[in-house]
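Here is what each chain is made of, one letter per residue.
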Amino acid sequence: MKALMFHYVRKFDLNFPYSKHKEIDDFAKEIKNLISLGYEFKNVTEAINSLKKDEDLNKVILLTFDDGLKDHLNAAKILKNLGITKGTFYIPTQPYLNNEILHVHKAHLILSKEGENSLDLLFEACNHLDISITDHNNYEIEKENYKNAYSRFDANTKIKEFKRLINFYGSIGVRDVLLNEIIRKLGILKKAEDLYLSFDEIKEISEMGFEIGSHGVSHTLLSRLDKKNQKEELSSSKKFLEDLISEDINSFCYPYGGRKSYNQNTLRLLKEVNYHNAISVEQRSINKETIKNNLFEIPRYDCNQIRELFLKR
Ligand SMILES: [Zn+2]
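Residues numbered from 1 in each chain as written. Predicted model: local features only at pLDDT ≥ 70, side-chain atom pairs only at ≥ 80, totals over all residues.

We now examine the pairing of strand β5 (residues 60-66). With 7 of its 7 residues buried, β5 lies for the most part within the structure. Note: strand β1 (residues 2-6) against β5, 5 bridges, orientation parallel. If you follow L4 over to β5, its bridge partner there is L63. Looking at chain direction, strand β4 (residues 40-41) and β5 are connected through 2 bridges and run parallel. Bridge pairing in β5 links F41 to I61. One crossover worth recording links β4 to the parallel β5 by way of helix α2 (residues 44-52), and it is right-handed. Bridge count for β5 against strand β6 (residues 88-91) is 3 bridges, and the pairing is parallel. Residue pairing in the sheet places D66 in a bridge with Y90 of β6. Regarding the hand of the β-α-β motif, the stretch spanning β5, helix α3 (residues 71-81) and β6 is right-handed. (Buried ≥ 20, exposed ≤ 12 C-beta atoms within 10 Å, placed from the backbone. Helix = DSSP H or I, 4+ residues; strand = E, 2+ residues; numbered from the N terminus. Pairing = 2+ DSSP bridges. Right-handed = clockwise from strand over helix to strand, strands pointing away.)

Core analysis: the biggest nonpolar cluster contains 80 residues, and L4, L62, I110, L122, I182 and A278 have the highest contact counts within it. Counting residues per element, this core draws most heavily on helix α8 (residues 157-169), which supplies 6 residues. The residue makeup of this core includes at least three contributed by each of domain 1 (2-99 + 198-311) and domain 2 (103-189). Residue contacts for A278: discarding those within four places in its chain leaves S251, F252, C253, Y254, L270, F296, E297 and I298. (Core = buried A, V, L, I, M, F, W, Y, C linked by C-beta atoms within 7 Å. Domains from an automatic or database assignment. Contact = placed C-beta atoms within 7 Å.)

Below, the discussion takes up helix α9 (residues 175-186). Given a rise of 1.5 Å per residue, 12 residues ought to cover 16 Å, and the 17 Å separating the end C-alpha atoms of α9 matches this to within 8%. Where α9 is concerned, the buried positions are R175, L178, L179, I182 and I183. Looking straight down α9, one finds that the buried residues subtend no more than 135° of arc, so they occupy a single side. In the core, the buried residues of α9 are packed alongside α5 (103-114), α6 (117-129) and α8. Just beyond α9, the residue with positive phi is G187, at close to 70°. (Expected span 1.5 Å × (residues − 1). Arc of directions from axis to C-beta.)

Glancing now at the environment of N145. Positionally, N145 belongs in helix α7 (residues 139-145). Its 15 C-beta neighbours within 10 Å are what place N145 among the partly exposed residues.

With that out of the way, let us pick up unusual backbone geometry. Phi angles above zero are rare outside glycine, and D130 is one such case at about 55°. Along the chain, D130 falls in the loop between α6 and α7. Exposure remark for D130: the 6 C-beta atoms within 10 Å place this residue in the exposed category. At Y150, a position not held by glycine, the phi torsion is positive, near 70°. On the secondary structure map, Y150 appears in the loop between α7 and α8.

Here it is in structure tokens:
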């Protein structure tokens with residue numbers, strides 16, 4: 001059994017020429033191919049339960065969609081038209097509390113419009129606002145700890161450094177001010193409601209049969225947060241989504257998802273606040289051995305690997 005991770009699933013937009021996304025037509029084509037090869041689809045929690053019961057899941061794929069993006073309603077409808085209503089959608093809840101785009105997606109907007117120029121724009125914004133993004137207590141430690149973030153990523157050094165500064169070791173307290181300044185300067189007008197699923201859309205996806213999971217509150221790297229703040233990310237997002245869809249939220253998806261994006265505290269807290277499983281971005285297949293000792297580090301592949309994993313002859 002393999003899990004696949006999807007983010008943006010959309011059509012190319014000339015205003016965002018450097019966008020990293022799955023073309024919606026390719027998405028439909030690849031899913032059709034997988035169906036014709038005899039693959040079946042399951043929700044994450046349901047699949048883990050079947051695996052515990054020793055069912056043969058060799059030909060099972062777990063489709064997972066991160067970040068609660070508006071794109072995912074369309075993806076869900078395409079799947080439904082193909083007869084698939086299984087998959088797990090991981091929602092971060094902060095945009096529903098403050099009506100603001102998450103820092104990680106502000107960074108994507110800038111990157112997809114400006115590409116490698118984004119790093120220079122970040123330094124310009126620092127100068128212009130007289131703010132330092134590296135001036136915080138843990139900078140040296142975090143820079144060393146997360147220096148390999150995005151190393152697997154096929155992107156140039158400036159793009160990786162921009163992403164690391166915003167997501168991994170820049171000051172959490174100033175990143176939104178800086179990103180807002182760049183977005184204002186670039187004239188990007190996107191609002192939270194343009195980017196994220198509405199309440200009704202989350203409910204619609206849930207009612208189709210798909211699983212809703214939590215992606216935390218603020219999409220901050222959990223390993224950068226103390227225990228109290230980590231617990232808040234895990235429990236309040238769970239409660240928020242449970243109230244919304246009137247069902248238990250059992251599955252969690254780590255923001256960023258690599259080994260260093262969570263720690264022992266996270267693993268303990270996930271159990272404490274009653275999640276049943278959590279999914280990461282370690283690129284491996286899932287079998288009984290994988291989950292025997294640990295249901296909280298379920299591996300998964302990127303959707304750009306579909307061809308090499310399943311469709312290569
Ligand atoms: Zn995410």
